[in-house]
Amino acid sequence: MSKTKTIGILTSGGDAPGMNAAIRAVTRCALSYDMKVLGIQRGYRGLLNGEINKMSARDVSDIIQRGGTVLQTARCKEFTTPEGVKRAADMASLYGMDTLVVIGGDGSFRGARDLSNSGVPVIGIPATIDNDIGCSDYTLGYDTAMNTAMDAIDKIRDTATSHERCNLIEVMGRSAGYIALNVAIASGAEKLLIPEKDFELDDIIRNIIDGRNRGKKHYILIVAEGIGGSTEMAKVIEEKTGMETRATILGHMQRGGSPSLRDRVMASRMGYHAVELINEGIGNRVVVFKNGVTTDIDINEALNTTKTIDEKALDMAARLSI
Ligand code: ADP
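Treat the numbers as computed from the prediction; the structure is a model and nothing was measured.

What counts as what
- Residue indices follow the written sequence of each chain, beginning from 1 at its first position.
- Per-residue local features are limited, in this predicted model, to residues with pLDDT of at least 70; the limit for side-chain atom pairs, both in listing and counting, is 80 or more; totals at the level of whole chains, interfaces and linings are taken over all residues.
- Side-chain metrics rest on all non-hydrogen atoms present in the structure, leaving aside hydrogens and water.
- Helical segments are the DSSP runs of H or I of at least four residues, strand segments are the runs of E of at least two, and each set is numbered from the N terminus.
- How far a helix is expected to stretch is found by multiplying one less than its residue total by 1.5 Å.
- Only protein chains enter the area calculation, which uses a 1.4 Å probe; residues under 20% of their type maximum are buried, those over 50% are exposed, and those in between are partly exposed.
- Contacts were defined at the residue level, with two residues in contact if any of their heavy atoms lie within 4.5 Å.
- Domain delimitation follows an automatic or database domain assignment.
- Here the quantity called buried area is the total loss of accessible area, with a 1.4 Å probe, experienced by two parts when brought into contact, counted for both.
- Salt bridges are counted wherever a side-chain nitrogen of Lys or Arg sits within 4 Å of a carboxyl oxygen of Asp or Glu.
- Here a polar contact is taken to be a pair of N or O atoms separated by no more than 3.5 Å, where protein atoms must pair a possible hydrogen donor with a possible acceptor and residues adjacent in sequence count only if both atoms sit in side chains.
- When residue character is reported, Ala, Val, Leu, Ile, Met, Phe, Trp, Tyr, Cys and Pro are called nonpolar, Asp, Glu, Lys and Arg charged, and the others, Gly included, polar.
- Strand pairing is defined by DSSP finding a minimum of two bridges between the two strands.
- Here the term right-handed applies to a crossover when the path leading from its first strand over the helix to its second strand runs clockwise, the strands being oriented away from the viewer.
- Here, nonpolar core means buried Ala, Val, Leu, Ile, Met, Phe, Trp, Tyr and Cys residues that are tied together by side-chain atoms lying within 4.5 Å of each other.

### Points about helix 5 (residues 142-163)
Thinking step 1. Compared with an ideal rise of 1.5 Å per residue, which puts 22 residues at 32 Å, helix 5 spans 31 Å between its outermost C-alpha atoms and is within 8% of the ideal.
Thinking step 2. Within helix 5, burial applies to Tyr142, Asp143, Thr144, Ala145, Met146, Thr148, Ala149, Ala152, Ile153, Ile156 and Ala160.
Thinking step 3. Buried residues in helix 5 make contact with strand 6 (166-171), helix 6 (178-186), strand 8 (219-224), strand 9 (245-249) and helix 9 (261-279).
Thinking step 4. Among the residues trailing helix 5, glutamate 164 stands out with phi positive, at a value near 50 degrees.

The following block contains the structure:
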C-alpha cells in the first residue's frame, strides 16, 4: 500500500484577499485524495517555530468569503539565511511533510526555492495584490484590490466634481503600475503616474489648466505607490494651477476585504491545480495562470521571468482621458 502523503501549507509575505480561498481549496482537494494536511501558522517563522497543526475539512469552513489569511502571515529574517533554511527543512522533515505549498509573492517563492534546494519539494501559489509576479498573468488578490480602489475613487470623484477639485489618489504598487493602470481606466482618471514611465510635473500642470479651460469639472490623477511624494506633489499642483488639490493615499484598505468572485474562483482553481501536481508526485513548480488557463512552471524559471506593463492599455488610458 502506498504511504499517505503529508502536505504542509503556509501563507507568507504581504496578505491578499483570496488567500483563505486558496487554503480551503488546497486543504479540501488534498483531503479528497486522502492526504494529511498540516497548516503552518505565520509563514516561514511558524515553520521554524513548529507552529504546525493538522487541518480538517471543517477547519476551512466559512473562510472562502473572508479577506486576510486564517493561517496568519509574517516576514521572517532568519529564514533568509542558509542556517534558517536548513532548520526549516529539518522541521518539515520532522513533521513528515512530503511537499510544502507556499501561498505568497515573489519573496516567498525565493524562500520556497531555497527550501527546495534543501530537499523539501515545494509548490507555489501566487498571491499578491500587486500582480507583480512575472511568471503568471494573474495573482490572487489583484481583482479585489482593484475593485476596492475603484470604489474608493468613485466616492472621491463625486466630491471632487462638486468642489471642482484636483485629486491625487495613491494606489498600491511599489515597483509595478498594474493596479494603477487598470484603476485609472476603470475610474476614468485624467492622468496616471506609474514607476515604469517617466513624467514631467509641468506637463501635468499644463494639462490640468487646459482641462479646466475646456470645461472639466475635476481632475483625477492616479499615482502608483512607487512614485511617492503624493502630498508634496498636490501642494505644487495647487500652487501652480490655483485649483484646490488634495492627495488621498488609499493604503492598506486595498489589502483587505472579502475576495471578489474572480479571486475566489482563481484561488480555487490554483489550489486544485497545486494538489493535482502533488498527487502526481510533481514538486518544485509554481502554479500560474497563463493565456486563460491554469498551468505550472519550474520554480527557478518562475523566479527568472519578468513581465512588462501593457503599452496598448497605457495608450488607451491616455486617449480616453481627454
Ligand atoms: P512577498 O512574498 O509578498 O513578496 P516578502 O518579500 O516579504 O513577501 O517575503 C516573505 C518572506 O519570504 C520573507 O520574510 C522571507 O522569510 C522570505 N524571503 C523573501 N525574500 C527571500 C530571499 N531572497 N531568499 C530567501 N527567502 C526570502
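### Topic: the domain arrangement of the chain
Thinking step 1. Considered domain by domain, the chain is made up of domain 1 (6-141 + 259-303) and domain 2 (144-255).
Thinking step 2. Using C-alpha coordinates to define each centre, domain 1 is positioned 35 Å away from domain 2.
Thinking step 3. Contacts between domain 1 and domain 2 engage 12 residues on the former and 11 residues on the latter.
Thinking step 4. For the domain 1 and domain 2 pair, buried surface summed over both sides reaches about 920 Å², with 50% attributable to carbon and sulfur atoms.
Thinking step 5. For domain 1, the biggest contributors to the area lost against domain 2 are Asp15, Ile129 and Asp130; these three give 50% of the whole.
Thinking step 6. Two residues, aspartate 15 and arginine 255, come together in a salt bridge whose shortest N-O distance is 2.9 Å.
Thinking step 7. At the boundary of domain 1 and domain 2, one finds five residue pairs in polar contact (both at pLDDT 80 or more).
Thinking step 8. Its residues assigned to classes, the side of domain 1 that touches domain 2 comprises four nonpolar, four polar and four charged.

### Some thoughts on the pairing of strand 5 (residues 122-126)
Thinking step 1. Most of strand 5 sits inside the fold, with five of its five residues counted as buried.
Thinking step 2. Bridge count for strand 4 (residues 99-104) against strand 5 is five bridges, and the pairing is parallel. Looking at strand 5, one finds that valine 101 is bridged to isoleucine 123.
Thinking step 3. In this fold, the crossover linking strand 4 to strand 5 by way of helix 4 (residues 106-117) has right-handed handedness.

### Concerning the nonpolar core
Thinking step 1. In terms of nonpolar packing, the biggest core is built from 61 residues, with Val101, Ile103, Ile125, Leu140, Val171, Ile179 and Ile222 touching the most fellow members.
Thinking step 2. Split by domain, this core shows at least three residues from each of two domains, domain 1 (6-141 + 259-303) and domain 2 (144-255).
Thinking step 3. In this structure valine 101 touches Ile7, Gly8, Ile9, Leu10, Val26, Ile123, Ile125 and Ile278, once residues within four positions along its chain are discounted.
Thinking step 4. Membership of the second largest hydrophobic core comes to 30 residues, among which are Cys76, Ala92, Val122 and Ile133.

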